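What the coordinates show
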Amino acid sequence: MDFSLDSGMQEMIRNVRAFLREEIFPLEPAFLTGPFVDLVPLLEEKRQKVKAMGWWLPQIPSEHGGAGLSLLEFAHISEELGRTPLGHYLFNAQAPDAGNMEILIEHATPEQKDTYLVPLLQGEIRSCFSMTEPGYPGSNPTWMGTMAVKDGEDYVIDGQKWFTTAADGAAFAIVMAITNPEADSRYLRASQIIVPTDTPGFKLVRNISVMGEKGSGYASHGEIVYDNCRVPQSNRLGGEGAGFVIAQERLGPGRIHHCMRWIGICERAFDLMVDWAAHREVAPGRTLGEQGMVQAWIAESRAEIDAARLMVLRTAWRIDQEGSYAARDDISLIKFYVAGVLQRVLDRAIQAHGGMGMTDDTPLAFWYRHERAARIYDGPDEVHKMSVARRIVRRAAERRQGNGR
Ligand SMILES: Cc1cc2nc3c(=O)[nH]c(=O)nc-3n(C[C@H](O)[C@H](O)[C@H](O)COP(=O)(O)OP(=O)(O)OC[C@H]3O[C@@H](n4cnc5c(N)ncnc54)[C@H](O)[C@@H]3O)c2cc1C
C-alpha cells in the first residue's frame, strides 16, 4: 500500500489550503447567516479564480476538462475542501453534481453528454439525483413506487420522491424509476432517466425543512411529484433495467468523497477546539486546555481523525487498484465509522466552546445540524454494519466448510 504523493500534488494541497484560508474562510459569516443565493455572484468570481489556477473539477479526468486526479489524490483535495462549507461548491466537486457527472461520463450517449454533461462540467447548470421516496424505505433502494411506462417513443413517469438534494433551481434530475417490473432480479427493474426540470409534470412540491432550515438553491432538499411526466426514451441512461447497477458503481468513489469531506470538517473543528482551549481562561491564568477532561477530548479526537483518514486512504487506494467491488467491505466500514467520528469530534468541539459553540460565529453549529444526516444518507449506519458483518460471517462459514468442519 502506498499513499505517498508526488511534489506537484503536495504543492497543490498547500496552495489550495492557503487559498481557502485566505479567501474563503472570510466569506463564511455571510454564508452562515444569510441566504446562499445572495452569495452566488461573489462565489462565481471565486470559481473563476479556481478555474484560472487549474483546480476546477479536481475529481474529473482531464479529457473532460478536469484536473485528472486519481481517487487517492482527490481524497486529499476533498479533505482540504471540506474545511469550509463552501469548498466543494467552489471547485465544482459538490454532491450531487459530482456523482451525476460520473454517471454521465460513463453512461450518457454523445447527445446526452452535449446537452447535460458539458454545461454541468462548466458550472453553468446544476443537477439533482431523485431516488428516495416518502412511501418506501430508502435503505432498501430496489423497492420503490415510481414507474416509467413506455408510450410510443416516450416514458411517462409517475411517482413521488423526496430528499432530492439541490432540486430547487436544478436544470435536470436523474430519476430512478421502475421500467421492468417483471424482471426476475429486483436489481434489474429500475432505470435511470434524465428529466429536465421544466418538463410538464415535474412538480417541486416544497423544499423540505431539515433541522430548522428550508434551504434554497443548491442547499435544499426537494419533495417532487412526477405527474404524467413525459420524456423521450432516449433520455434513459444505459440499458433498460440497469439503474441500480449504475447507482452501485457510483457509490464507491462517492463515499470516498463524503468521508474525506467529513475528515476536512473534523480537522477544522479540531483546530477550532484546540485554539479555543489554548487561550480561553476558565480561571485567571488557567486555560481550558489545562483541564484533564478537555485534554481527553483533544487526544481522543486526534486519534480518531488519524485512524479515520488512514482507513479512507486505504479504501481509495484499493478502489484505484482493484475497483469498487473488491473494496466493498472497506467502503461500508468507512461510511459508518467516519460518520461517527465526525459526530463525536463536532460534539466535543461545540462543548469546548460552550455558548460560543451554539452561535454561528463559527461553522461548528452549521455542521452539527447539517452533518447529522451523514449517519443516514448513502445508507444508514445499521445497513452498512449489517452488510459488512454478514459478509465476514459468511466467509468464516465458508472457511470452516473448506476445512471439513
Ligand atoms: C440530508 C439528506 C440528503 C439526502 N439526499 C438525497 C438525494 O439527493 N437523493 C436521494 O434520492 N435521496 C437522498 N436522501 C435520502 C437518503 O438516501 C435516505 O434517507 C436513506 O437512504 C435512508 O432511507 P429512509 O430515509 O427511507 O429511511 P428507512 O429506510 O425508512 O430507514 C429508517 C431507519 O431504519 C433503520 N434501518 C433501515 N433498514 C434497516 C436494517 N436492514 N437493519 C437495521 N436497521 C435498519 C436505520 O436506522 C434507518 O435510519 C437524503 C437524505 C438526507 C437526510
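What counts and what doesn't
- Residues numbered from 1 in each chain as written.
- Predicted model: local features only at pLDDT ≥ 70, side-chain atom pairs only at ≥ 80, totals over all residues.
- Heavy atoms only, no water.
- Buried < 20%, exposed > 50% of the residue type's maximum accessible area, 1.4 Å probe, protein only.
- Helix = DSSP H or I, 4+ residues; strand = E, 2+ residues; numbered from the N terminus.
- Pairing = 2+ DSSP bridges.
- Axes fitted to C-alpha atoms, helices over the stretch in contact; angles between N-to-C directions.
- Parallel < 35°, antiparallel > 145°, perpendicular 65-115°, else oblique.
- Left-handed = near helix turned anticlockwise from the far one by under 90°.
- Contact = heavy atoms within 4.5 Å.
- Expected span 1.5 Å × (residues − 1).
- Polar contact = N/O pair within 3.5 Å; in protein donor to acceptor, adjacent residues only side chain to side chain.
- Arc of directions from axis to C-beta.
- Near = heavy atom within 4 Å.
- Areas by Shrake-Rupley, 256 points an atom, 1.4 Å probe, with all protein chains shown as cover.

Details of the pairing of strand β1 (residues 127-130)
- The alternating pattern of β1 places S127 and F129 on one face and C128 and S130 on the opposite face, and all of these are buried.
- Relative to strand β4 (residues 172-178), β1 runs parallel, the two being bridged by four bridges. When the bridges of β4 are listed, S130 appears paired with V175.

Re the packing of helix α1 (residues 7-24) against helix α3 (residues 36-52)
- The geometry of α1 relative to α3 is characterised by a closest axis approach of 13 Å and an angle of 160 degrees between their N-to-C directions. By the angle between their directions, the pair α1 and α3 is classed as roughly antiparallel. By crossing handedness, the relation of α1 to α3 is classed as right-handed. Contact with α1, carried on its side by F19, E23 and I24, involves K46, K49 and V50 of α3 and no other residues of that element.

Overview of helix α10 (residues 328-353)
- If you check α10, its first and last C-alpha atoms are 38 Å apart, about what 26 residues at 1.5 Å a residue would give, namely 38 Å.
- By the criterion of burial, α10 is predominantly enclosed, with 20 of the 26 residues buried.
- Once α10 ends, the next one or two residues include G354, with phi positive near 60 degrees.

As for the side chain of E80
- Within the element layout of this structure, E80 appears in helix α4 (residues 71-82).
- With relative accessibility at 3%, the residue E80 sits in the buried group.
- Within the local environment of E80, its side chain forms a polar contact with the side chain of R17, the two groups lying 2.8 Å apart.
- Apart from residues no more than four positions distant in its own chain, E80 is found in contact with I13, V16, R17 and L20.

Brief notes about α1
- Between its terminal C-alpha atoms α1 stretches 25 Å, which fits the 26 Å expected from 18 residues at 1.5 Å a residue.
- Among all positions in α1, only M9, M12, I13, V16, F19, L20 and I24 are buried. Angular distribution of buried residues about the axis of α1 spans 130 degrees; they occupy a single face of the element. In α1, the exposed residues that point more than 90 degrees away from the buried face are S7, R14 and E22.
- If you follow the buried residues of α1, they end up packed against α2 (28-33), α3, α4 and α5 (87-90).
- With a side-chain oxygen positioned 3.2 Å from the backbone nitrogen of G8, the residue opening α1 is D6.

A word on the site of the ligand
- In the region of the ligand, 18 residues are neighbours, and T132, G138, S139, F163 and E382 sit closest.
- F129 places a main-chain nitrogen or oxygen 2.8 Å from a nitrogen atom of the ligand.
- Within the side chain of T132, a nitrogen or oxygen atom sits 2.6 Å from a nitrogen atom of the ligand.
- Surface burial for the ligand is 67%, taken as the share of its 980 Å² of free accessible area covered by protein chains.

All quantities given are derived from atomic positions and should not be read as evidence of function.
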